[in-house]
Each structure stands twice: as structure tokens, then as C-alpha cells.
Amino acid sequence: MPYAEDDMLMLSGIQHYAFCPRQWALIHIDQQWGDNLLTTEGHIMHQHVDDPFYRQKMGDHICLRSVSLASKELGLYGISDMVELHPVDSPENAITHPQYPGHWMPYPVEYKHGKPKRDDVDVVQLAAQAMCLEEQYGIRIPEGAIFYGEIRRRTEVTFTDELRSAVRAYAAAMHEIFERGVVPSAEPKPYCRSCSLKDICMPETAQRSSASNYLKQHLYAETS
């Protein structure tokens, strides 16, 4: 069943959720936020990318920035860093542009300040953007790319059926948790050290059964 407009969640949150459901809930349910070096570098990069009035013909393709996205199936809305339009010969499974004649295939591009990751936290965000465009235009987009600032090049992403299924599963879980309004408990992981919400989340203490247990193990031990 399609989600109503009032129930739509931010698309960018799917990366937070894939990284850590608790981090996502702290940001999108509790409205908590914190910056560190990594998030600050990311903000600086996007200042140079997010220009909604930017349109440029580069060679045989068109570059559009800050493209609005929405999917009622996923219940997500957001903005793409950039969508390139690549020329295609057939009007089938393609779109048109009022300023540029011909037929075009959208190619979403996301900018990240770091480097490619071993898990799917970045690619699910890009795939969600593609699925929004597909729903909006009635097409199927085969691939997109993530530009990583640390290595200064793109990594191409193929939108497989498995990746699309992961996006749907993440989106459904996000809606379920948001509807309950309960922040998931902490599960300390190695990546907690680099999380901008570490001081808010306090993963080392959040899973303690009670404050008294924490005091017994730490404060009382120091004074004994």
C-alpha cells in the first residue's frame, strides 16, 4: 500500500539506518545530531554540489543537481546530489527533457567524502534514489555511481534485484520503528568510535540494564 505524504521519511536516512538503526532513530525520531570531522568534510563537499539551478550539457550528457525525489511505494523523499541524463537511441524506457531534444536515461550520482565501503550503507542510498526516479517516470534505471572524495573517482553501482530488495526492507523497517517511536537499544560495534553521535548515544552504557549496575562497575570500583 502506498504511503501517504504525511508518512514519508527522509531518503537520506536509509544510509543512517543501514549503518546503525539506533543512529538513524536518534536523528530522525529524537531529533539528535552531532558533527565530527567526517560529517563536517561531507557538508563542505556538498556545498559545492548542491545547486538546484545547475544545468549543464557536458559532451553527450546533461548534468542536473539537487533533483527532488519521492517514492510512495518506499515512503521516502529527498534530493539527489546529481542526476546525469545519458542519451539513448530508443524512446522505450527513457525520458525526455524540455530543453534538450532526444531521449535520455537518468544516471544518479551521489557524492561521498570518504572511500568505498565494504558494506551496503552507501549503495542502498543511491539505489533508493534510482527507485524514486523509476517510480516518478515509469522507467527502470540499471546503474548509477558514487563519487568518493578520498580517492577522487567514481564507483559504479549496478541496481540488482538483491539491492532493490534490501532498499525495500530497510525502508519498511524504518517506517515500523518510526511508527512505534522507540529508539532501538545500542549494540556496540567497532564503527561506534567514528560515529558523530557517540557522545549522545553512549553505546558503552546504553545497553546496561540499569544506572545502578553502571555505577557499581565504574564509579564504585574507582573509589574502592
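Residues numbered from 1 in each chain as written. Predicted model: local features only at pLDDT ≥ 70, side-chain atom pairs only at ≥ 80, totals over all residues. Heavy atoms only, no water.

A.B. asks: How should the confidence of the model for the chain be read in this particular structure?
C.D. replies: Low-pLDDT portions of the prediction should not be read for the details of their coordinates. Per-residue confidence for the chain gives a mean pLDDT of 83, with 76% of residues at or over 70. Within the chain, helix 4 (residues 123–137) carries the highest mean pLDDT (98), whereas helix 3 (residues 37–47) carries the lowest (43). Under a pLDDT of 50 for its full length, residues 208–217 has, in the predicted model, seven contacts with residues more than four places off or in other chains. Across residues 220–224 the pLDDT falls below 50, and counting only partners more than four positions away or on other chains, this stretch makes two contacts in the model. (pLDDT = per-residue confidence, 0-100. Helix = DSSP H or I, 4+ residues; strand = E, 2+ residues; numbered from the N terminus. Contact = heavy atoms within 4.5 Å.)

A.B. asks: In this structure, what is going on with the nonpolar core? I would like to understand it.
C.D. replies: Burial of nonpolar side chains together is a common tendency in soluble globular proteins. By size, the foremost hydrophobic cluster in this structure holds 42 residues, and its most contacted members are Ile14, Trp24, Leu76, Phe159 and Val167. For this core, the elements supplying multiple residues, two or more each, are helix 1 (13–19), helix 2 (21–28), strand 3 (61–71), strand 4 (76–88), strand 6 (100–112), helix 4, strand 7 (143–148) and helix 5 (161–180). At eight residues, helix 4 tops the list of elements feeding residues into this core. Those residues in contact with Val167 that sit more than four places away from it in its chain are Ile14, Leu74, Val124, Ala127, Ala128 and Met131. (Core = buried A, V, L, I, M, F, W, Y, C linked by side-chain atoms within 4.5 Å. Buried < 20%, exposed > 50% of the residue type's maximum accessible area, 1.4 Å probe, protein only.)

A.B. asks: Just to check I follow, could you spell out the pairing of strand 6 for this structure?
C.D. replies: Sheet faces and side chains relate simply in a regular strand, where the side chains alternate between the two faces. In terms of residue burial, strand 6 counts as a mostly covered element, since ten of its 13 residues are buried. The pairing of strand 4 with strand 6 spans seven bridges and is classified as antiparallel. Following the sheet pairing, Glu84 is matched in strand 6 by Tyr107. Summarising the sheet, strand 5 (residues 95–97) and strand 6 pair through two bridges and their orientation is antiparallel. In the strand pairing of strand 6, Ile95 is matched with Trp104. Between strand 5 and strand 6, which pair antiparallel one after the other, the connecting turn spans two residues. (Pairing = 2+ DSSP bridges.)

A.B. asks: Quick question: what am I supposed to make of the packing of helix 4 against helix 5 here?
C.D. replies: Pairs of packed helices are described in terms of their axes, by the angle between the two and the distance that separates them. Where helix 4 meets helix 5, the axes come as close as 9 Å, and the angle between the chain directions of the two elements is 90°. The angle between the axes of helix 4 and helix 5 places the two elements in the roughly perpendicular class. Between helix 4 and helix 5, the contacting residues are Val123, Val124, Ala127, Ala128, Met131 and Glu134 on the first element and Leu163, Arg164, Ala166, Val167, Arg168 and Tyr170 on the second. Its residues placed into classes, the contact of helix 4 with helix 5 shows nine nonpolar, no polar and three charged. (Axes fitted to C-alpha atoms, helices over the stretch in contact; angles between N-to-C directions. Parallel < 35°, antiparallel > 145°, perpendicular 65-115°, else oblique. Nonpolar A, V, L, I, M, F, W, Y, C, P; charged D, E, K, R; others polar.)

A.B. asks: Is there a simple way to explain the pattern of salt bridges in this structure?
C.D. replies: When the charged atoms of two side chains with opposite charge come close together, those side chains can pair. Within the structure shown, the criterion is met by seven salt bridges. Here Arg154 and Glu84 are joined by a salt bridge, their closest N and O atoms 2.4 Å apart. Taken together, the residues Arg154 in strand 8 (residues 153–158) and Glu84 in strand 4 connect sequence positions 70 residues apart. A residue is classified by how much of its surface remains accessible, and Arg154, at 36% relative accessible area, is partly exposed. Across the salt bridge formed by Arg140 and Asp161, the nearest N and O atoms sit 3.0 Å from each other. Placement of Arg140 in the loop between helix 4 and strand 7 and of Asp161 in helix 5 is noted, with a sequence separation of 21 residues between them. Residue Arg140 is classed as partly exposed on the basis of its relative accessible area, which comes to 43%. (Salt bridge = Lys/Arg side-chain N within 4 Å of Asp/Glu carboxyl O.)

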